[in-house]
Each structure stands twice: as C-alpha cells, then as structure tokens.
Number of protein chains: 2
Amino acid sequence: MTIQAIAFDAYGTLFDVYSIRELGDRFFPGAGVALAELWREKQIEYTHLRTLCSTYKPFWEITQDALIFSCKKLRLNLTLDAQNALMGQYARLQAFPENLSVLQQLRSDGLKLAILSNGNLHMLQSAVEAANMQGMFSHLLSVDVVKKFKTAPEAYQMAPDIFALPAKNILFVSSNCWDACCATWFGYTTFWVNRSAAPLEELGVVPHGEGRTLADVLRFIDMHRNK
Amino acid sequence: MTIQAIAFDAYGTLFDVYSIRELGDRFFPGAGVALAELWREKQIEYTHLRTLCSTYKPFWEITQDALIFSCKKLRLNLTLDAQNALMGQYARLQAFPENLSVLQQLRSDGLKLAILSNGNLHMLQSAVEAANMQGMFSHLLSVDVVKKFKTAPEAYQMAPDIFALPAKNILFVSSNCWDACCATWFGYTTFWVNRSAAPLEELGVVPHGEGRTLADVLRFIDMHRNK
C-alpha cells in the first residue's frame, strides 16, 4: 500500500462550516442559510485575493472580514453581540458525526494523520478540542507558517515536508472540490468528500477518490491496500 | 495633473456581463439571472485557482468551463446549441450606454487609454468591435501574455510597462470592487465604478475614487486636474 499518511482539510471536511446557519438564523431570522453561504464564499475569495496580492493576514481575521462584508451585502445589521457570537461559533464548529470513529480506525490501521488548513493554529486547536479530537492528529499544519493560503503550492507542501513523504504517498482529503482538485494538480493522492452531491468542478482534473462522508475514506484506503 | 493614462477593466466595466441573462432566460426560463451570476462567480474563481496553481488556460476556455459547471450545478440541460449561443453572446456583450462618449471625452482631454483584462486578445477585439469602440484604445492588454490572471502583480504590471509610467500616474478603472482594491494595493490610482451600489469589499483598502457609471470617471479626472 502506497498511502502512508493522510492530510485532512479542516473547514467543511472535518468541521461543518454550515452549522453556523442555525445561529445565523437566530440573529437574522430566515437569513441564516444565505449568510452562511455568502460568508463561506467571501472567506475563500479573500484568501485567494490576499495570496495573489501577497497581502496575507490570518484566517481568523479574514473570516471576520468576510462576515462583516456578508452582513453588509445582505443588509443585516451585525451588532457586536452577533459578531462575537458568530465568530465564537466558528471557533467551535460542529464536527460531522462519523469523524471520530473514522479517524480512530485510520489510526489503528497505522496511518499518520494531520490537518492541513487555512485556519491559523489557534482556530485549529480550538476546533479540534471542541470536537474531542485531541490526540487524533500528529500534526496541525496551518498555512499561517508559510503566509500563503491554499491553493498555493507552498501551502500544500507542508504535509510532504512534515511527513518526509512524496505527496503521492499522502492522501489529501477535502470536502471542497476545488481543494481536492488543486491538491491533485499539486501531486497528492486525493479524496473528495462530496457531502452535498455537488458536480465536479470543471478544472480538467479529477480527484482519485470520491465519497459522501468521511467513512468512505476507509473504503478507499481498503481498496488501495487490497490492490 | 498626475494621471496621464487610464487602464480599464473590460468585463463588467466596459461590457455588461450580466446582459447575457436575457439570453440565459430564453434557453432556461426563469434561471437567467441565477445562471449569469453563478457563471461570472465561477469564471473568476477558476482564474484565481489556475493562477495560484500555475495551470493557466485562456479566459475563453475558462469562461466555457464556468458555463458548463454552472449549468450542472443549477441542473440546467446545456445543449450544444445553448452553449454556442451563450458563448457567442459573451464575445459580443452589450456595452454600457455612457461608455462611448466618456471614452471620447477622455481622449480629447489628452489621456491615453488602454484595456487591461483577463480576456484573451481575440475576445477583447471581438467585444471592442461589437461595441463600436475601435480606435478608442491605444492598447488592448491581455493577461494572456503573462499567463497569470488578475489579481497577480504580473497582470497589473502590463499597463505601467506599456505606458512607461509609474502605476500611480495611471488611473485603473474597474466595476469589480476586488479588482479596484487589489489594483490599489498594486500601486495604481484607482476608480471603482460601483454600478450596483454594492458595499466595499472588506479588504482593508479603499479605491481612490468611486462612482455609479463610467461618466463619474470624468468628474474624478476633473477634480484631480483642478487641484
């Protein structure tokens, strides 16, 4: 078997970024879904722009910027209370229910596990703790070290470096199709957790595996082991 | 007066990318607006991803990829007829009504004008011709030469290079707030044609001027001239 380690994306993959829509709905009745979606979209857009323009700032701050913009765009009056509550929720996002047992199984299969995320370290530690995933990962890799967000190669390079493995021997797992596609370009073996049954991005590249939940990663690993 | 030349963004600024919504509505009744918006969003996202990952391909192809994805996402059955018609429309987008007289005025004020666009040259030539703007611009600058899309510095560098002027002596005009903001970071004097009265992007940077139509660029130039 060639896969010796797994690098997981965090937001959307291990932690449900849309879980904040309930809280959004509490502050802005009926607008929770629209807010969660625009917030996420702007957050990612700002990481792209700041990486292209070499104007990096930490993901926590970008997340806050994206929240403020989204509320302005949707004409929602973001009080400081609402802002603090929504940002606080982001620090302790719900994890997907299958995660913990999947991670435990992968570890008992002898795989080394890491998170490779846009999130800064404080955010990642907080989310891992809130999800009771302490001890599951040998490394929490934040792009904050290289000051470039995904999908810059410097960001993807962190896992091969820390594991001292070629990218193709590391399975990169993301629920964000663009992330799985760009990681495939980078050289990883890749798995797309397509939770919403979305169409494949038209980028001319296909992740090596696809499933609907993190549990499908186990099936992918087994298939490759039995080859 | 320090502004000696103007570089215009093309799509959204000179040419109305949302004008394709009528055609979209003809093929997909009721879905024209959603299609036009998602198509534009994915088009820009793909330029970011391909620039970050050094997997450039021409804007025309990216525009087609974005159309195909958007139809899949919106569950619209994109026939080859519809695809050809929508892409054909993109090659001859409607121009905004005020454009021609504004460009003529700026030229008669002695300013050198260029387009600086993600579009490949063939697209730009086709759009300029369809809008009867031949002869308005001394240069059609396409990022296709540097193989990096905006907002990469290599893309913005094209106008200072061709005009042999510092970026601050060139007014960069865009209706896309992200474009005007990132051009400000780059060093241009910038003007945001905020056609839809959108909120400012939360990027910590503000374009030097703002208006609602291209005609407001005249006011900005006059103000700076009279200083």
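Residues numbered from 1 in each chain as written. Chains lettered and ligands numbered in written order. Predicted model: local features only at pLDDT ≥ 70, side-chain atom pairs only at ≥ 80, totals over all residues. Heavy atoms only, no water.

1. Focus on the sheet that holds strand β3 (residues 139–142) of chain B
The strands that make up a sheet are held in pairs by hydrogen bonds between backbone atoms, and each pair lies either parallel or antiparallel. Residues and elements named next belong to chain B. How we decide: By definition, two strands form a pair when at least two bridges between them are found by DSSP. Labels follow the DSSP assignment, with helices taken as runs of H or I lasting at least four residues and strands as runs of E lasting at least two, numbered in each case from the N terminus. Geometry is summarised by axes, namely lines fitted to C-alpha atoms with helices restricted to the contacting stretch, and by angles between N-to-C directions that run from 0 to 180 degrees. Note on contacts: a residue pair is in contact if any heavy atoms of the two residues lie within 4.5 Å.
Spatial ordering of the open sheet is given by β3-β2-β1-β4-β5-β6, a layout of six strands whose pairing is parallel. Both edges of this open sheet fall to β3 and β6 (209–211), since each of them pairs with a single strand only. Ignoring strand direction, the axes of neighbouring strands in this sheet form an average angle of 20°. As judged from the four bridges shared by strand β1 (residues 5–8) and strand β2 (residues 112–117), these two strands associate in the parallel manner. Bridged to F8 within β2 is I115. Strands β4 (170–174) and β5 (189–193) of the sheet are contacted by helix α9 (residues 177–186), whose axis makes an angle of about 170° with β5.

2. Overview of the packing of aromatic side chains
Heads up, the rule is: Only Phe, Tyr and Trp rings are paired, with Trp represented by its six-membered ring, and only when their centres lie within 6.5 Å; those with planes under 30 degrees apart are stacked, over 60 edge-to-face, the remainder tilted. For every residue, the accessible area (1.4 Å probe, protein chains only) is compared with the maximum for its type, and the residue is labelled buried under 20%, exposed over 50%, or partly exposed between those bounds. Consider the ring centre and the ring normal. A charge sits over the ring if Lys NZ or Arg CZ is within 6 Å of that centre and within 35 degrees of that normal.
Under the counting rule described, the total for this entry stands at 28 aromatic pairs over all chains. Between B:Y11 and B:Y90, the aromatic rings sit 5.5 Å apart at their centres with planes inclined by 40°, giving tilted as the arrangement. On the criterion of sequence distance, the pair formed by B:Y11 in the loop between β1 and α1 (20–27) and B:Y90 in helix α4 (residues 80–91) is long-range, its members being 79 residues apart. Here B:Y11 matches B:Y90 in class, with each residue buried. Among the aromatic side chains, those forming a connected cluster through ring pairs are A:Y11, A:F15, A:W39, A:Y56, A:F59, A:Y90 and A:F149. Here the basic side chain of A:R195 rests over the ring of A:F96, its NZ or CZ set 3.5 Å away from the ring centre.

3. Some details on the pairing of strand β1 (residues 5–8) of chain A
Residue and element names in this part refer to chain A. Residues of β1 alternate between two faces, with A5 and A7 on one and I6 and F8 on the opposite face, all of them buried. Taken together, the four bridges between β1 and strand β4 (residues 170–174) define a ladder with parallel strand orientation. Residue pairing across strands places A5 opposite I170, the latter belonging to β4.

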